[in-house]
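# Commentary on secondary and tertiary structure
Here's the letter readout for the chains.
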Amino acid sequence: MASYTHGHHESVLRSHNVRDIANSAEYLRPHLTATTRLLDVGAGPGSITADFAGIVAHVTATEIDESALSLSQGLVAERGLTNLSFSIEDVHALSFPDDSFDVVHAHQVLQHVGDPVTALREMRRVAVPGGIVAARDADYAGFLCFPELPELDRWLTLYRAAARANGGEPDAGRRLLSWARAAGFTDITATATATTRAL
């Protein structure tokens, strides 16, 4: 199993808390209905999770441990949402029965797991036949910074090395299609987006 390189420092959570459907899962919106049962793998601070809950019938949010799960639980309680449940899970071996969810979603998760192909197989197992497994991930080798500073180049080199030392793959984005094929998916839609952020 990989270690979560980012951790849960306030600066990380501040960055992750701006995520919502519009900026992080818009590609999935056309597939969400008032009857959708959605599994959100690796919910993190829960900002995307809570957004899903405003559209679908029910969301099950997972995290790897109680401390991480408490982040999304806190946001959901703050917003007064009631159509969610929470579960501590390892995506390599989900506890849910086969065919449990209409949509299985993972945002910026596969870069942090030890075996992304096994994770995708598990996500497919718990999706209903004809359901959707949706994964979106970063590709740190594609990060472009301005102004161009040697310190930022050094940070990127160090981060990629640390992520790999922790068992993850920081350049997961470019591997998603091949991982999906290795996991046995055949009906695959691959897309890419670019995000601009001012630091």
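Conventions used here
Residues numbered from 1 in each chain as written. Predicted model: local features only at pLDDT ≥ 70, side-chain atom pairs only at ≥ 80, totals over all residues. Heavy atoms only, no water. Pairing = 2+ DSSP bridges. Helix = DSSP H or I, 4+ residues; strand = E, 2+ residues; numbered from the N terminus. Axes fitted to C-alpha atoms, helices over the stretch in contact; angles between N-to-C directions. Contact = heavy atoms within 4.5 Å. Phe/Tyr/Trp six-rings, centres within 6.5 Å; stacked < 30°, edge-to-face > 60°. Buried < 20%, exposed > 50% of the residue type's maximum accessible area, 1.4 Å probe, protein only. Core = buried A, V, L, I, M, F, W, Y, C linked by side-chain atoms within 4.5 Å.

Sheet architecture is open: five strands sit in the order 3-2-1-4-5, paired in parallel fashion. Taken across any chain shown, the strands that pair with only one partner, and hence form the sheet edges, are strand 3 (84–88) and strand 5 (127–136). When the angles between neighbouring strand axes are averaged without regard to direction, this sheet yields 20 degrees. Relative to strand 3, strand 2 (residues 58–63) is paired through five bridges, and the arrangement is parallel. Among the inter-strand pairings, valine 59 is bridged to a residue of strand 3, identified as leucine 84. Sitting on the sheet, helix 4 (residues 66–79) is in contact with strand 2 and strand 3, with an inclination near 170 degrees to strand 3. The sheet contacts of helix 5 (residues 116–126) involve strand 1 (37–41), strand 4 (101–107) and strand 5, and relative to strand 5 the element is tilted by about 145 degrees.

Quick look at the packing of aromatic side chains now. Counting across every chain of the model gives five aromatic pairs. Measuring from centroid to centroid gives 5.8 Å for tryptophan 155 and tyrosine 159, while their planes differ by 20 degrees, and the two rings are stacked. Taken together, the residues tryptophan 155 and tyrosine 159, both in helix 6 (residues 150–165) and four residues apart, mark about one turn of the helix. On the basis of relative accessible area, tyrosine 159 is assigned to the buried category, the value being 10%. A connected cluster of aromatic rings, assembled from ring pairs, spans Tyr140, Phe143, Trp155 and Tyr159.

All right, on to the nonpolar core then. Leu39, Val41 and Val104 are the most contacted members of the largest nonpolar core, which totals 23 residues. Those elements that place two or more of their residues in this core are strand 1, strand 4, helix 5 and helix 7 (176–182). The element that contributes the greatest number of residues to this core is helix 5, accounting for five residues. Apart from residues lying up to four places away in sequence, leucine 39 is in contact with Thr60, Thr62, Leu94, Phe96, Phe101, Val103, Val104, His105 and Val126. Residues Leu28, Leu32, Leu84 and Ala134 belong to the second largest nonpolar core, which totals 14 residues.

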